[in-house]
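Structural characterization, general
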Amino acid sequence: MDVGHDVLLVPAQYPTIGDAVRALQRPSTIMVSSGVYAEDVVLVDVPDVVISTTHFGRRGVVLVGDVADSVVRAENTSVYLSGIEIRSNGRARAISATRTKMALQECVLAGNRVRGDDDLLEGAGMWCVDSAVRIQKSMLIGNSIEAPKGEARGGALHCTDCKVEIAGCTLQANTLHAGAGAKGAGVYLARSRLRLWRSRVTDNALFAASGEGAGVYCEDSAAQLGGSVITGNSAHSGVGAGLYVRGATGEVAVHGNTVVRQNYPDDQLFQQ
């Protein structure tokens, strides 16, 4: 009987994750054995796919990338990552997603970096446009953008025109270094909807001539922040270090069970 779903094994059946992706014919699960994979994964116009460690929730699969600007690039598809670590060792962005449903469960995005002399650099951990993003029980730690001649936005997560849900996650020690302005070392949202729940946004920092929202930056967006801690974030030469909201201020709700405190130089700022 045709069950309409394939399971592909890496490296038992396919030597690389990319080989397995190219073999996709219909919605499938790619099961990856523990190891370090020095490859870029491109998921463009492919069937819906789950990429999971064979340990089922336990990490052990590490993607370090190869030559591309993003270790994982997804476009016009649906992707679910489980138990995957993306660590480019400061060479590239972890994930880019365009017109995609992207879900992360028990994943780690750490030590990824975007750098260059462009006027604007965005999204070292995740860069998402026109997508639905769900991140659960994952860590986005130590991702950075270096834009000595321009502006930087979204150290851990950058979302434009997206629907975003973050639950049970840690976004910590992500940094933006910019010659001009910097926005959202933890989370940057523009024209998006966010639900941040039971998560920690801590110790993220902006180093720039001007900075807004080292922890969470919302512009013309709606957000629900509940059961979370936003603390220890710093905006050197900036404002709204914990939470910065520009436009649509009535659409952002900080619930009473959320802590926003001990951010430098201030905790939150709402501006129309």
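Summary of the structure given here. (Residues numbered from 1 in each chain as written. Predicted model: local features only at pLDDT ≥ 70, side-chain atom pairs only at ≥ 80, totals over all residues. Heavy atoms only, no water.)

**Let's talk about the pattern of salt bridges**
Applicable threshold: Any Lys or Arg side-chain nitrogen located within 4 Å of an Asp or Glu carboxyl oxygen qualifies as a salt bridge. Helix numbers and strand numbers start at the N terminus; a helix is a DSSP run of H or I with at least 4 residues, a strand a run of E with at least 2.
Under the defined criterion, the tally for this structure stands at 14 salt bridges. A salt bridge links Arg87 to Glu85; the nearest nitrogen and oxygen atoms lie 2.8 Å apart. Note that Arg195 and Glu165 form a salt bridge whose closest N and O atoms lie 3.8 Å from each other. Placement of the pair is Arg195 in strand S26 (residues 193-197) and Glu165 in strand S21 (residues 163-167), with a sequence separation of 30 residues.

**Focus on the packing of aromatic side chains**
Keep this limit in mind: Only Phe, Tyr and Trp rings take part, Trp by its six-membered ring, and two of them pair if their centres are within 6.5 Å. Stacked means planes under 30 degrees apart, edge-to-face means over 60, and tilted covers everything else. Placement of a positive charge over a ring is assigned whenever Lys NZ or Arg CZ falls within 6 Å of the ring centre and within 35 degrees of the normal to the ring plane.
By the definition in use, this model includes two aromatic pairs. An aromatic cluster is present here, built from Tyr188, Tyr217 and Tyr244 joined pairwise through their rings. Residue placement shows Arg195 over the ring face of Trp197; its charged tip is 4.4 Å from the ring centre.

**Some thoughts on unusual backbone geometry**
Look at the link from Val10 to Pro11: it is a cis peptide, with omega at 5 degrees. Within the secondary structure, Pro11 sits in the loop between strand S1 (6-10) and helix H1 (17-22). Residue Tyr264 is joined to Pro265 through a cis peptide bond whose omega torsion reads 5 degrees. Assignment of secondary structure puts Pro265 in the loop between strand S35 (259-261) and strand S36 (268-271). For Lys137, which is not glycine, the phi dihedral falls at a positive 45 degrees. Along the chain, the position of Lys137 falls in the loop between strand S16 (132-136) and strand S17 (139-141).

**So, the pairing of strand S30 (residues 222-226)**
The side chains of a regular strand alternate between both faces of the sheet. Put simply, the rule reads: Think of it in three bands: residues with accessible area under 20% of the maximum for their type are buried, residues over 50% are exposed, and the middle band is partly exposed, with areas taken using a 1.4 Å probe on protein chains only. Pairing between strands requires that DSSP locate at least two bridges from one strand to the other.
With four of five residues buried, S30 is to be regarded as a mostly interior element. The pairing of S26 with S30 spans five bridges and is parallel. What sits directly across from Arg195, in S30, is Gln224. Taken together, the three bridges between S30 and strand S34 (residues 252-254) define a ladder with parallel strand orientation. Residue Gln224 lies in a different strand from S34, and its bridge partner there is Ala253.

**Focus: the sheet that holds strand S27 (residues 200-202)**
Here is the rule we go by: The convention used is that axes are lines fitted to C-alpha atoms, helices contributing only their stretch in contact, and that angles between N-to-C directions extend from 0 to 180 degrees.
Pairing is parallel across the open sheet formed by nine strands, whose spatial order is S3-S6-S9-S12-S17-S22-S27-S31-S35. With one partner strand each, in any of the chains shown, strand S3 (35-37) and S35 form the two edges of the open sheet. On average, adjacent strands in this sheet sit at an angle of 10 degrees to one another, irrespective of strand direction. Two elements, S3 and strand S6 (residues 61-63), share three bridges in a ladder whose sense is parallel. Across the sheet, Gly35 pairs through a bridge with Val61, a residue of S6.

Any link to function would need more than the numbers given here.
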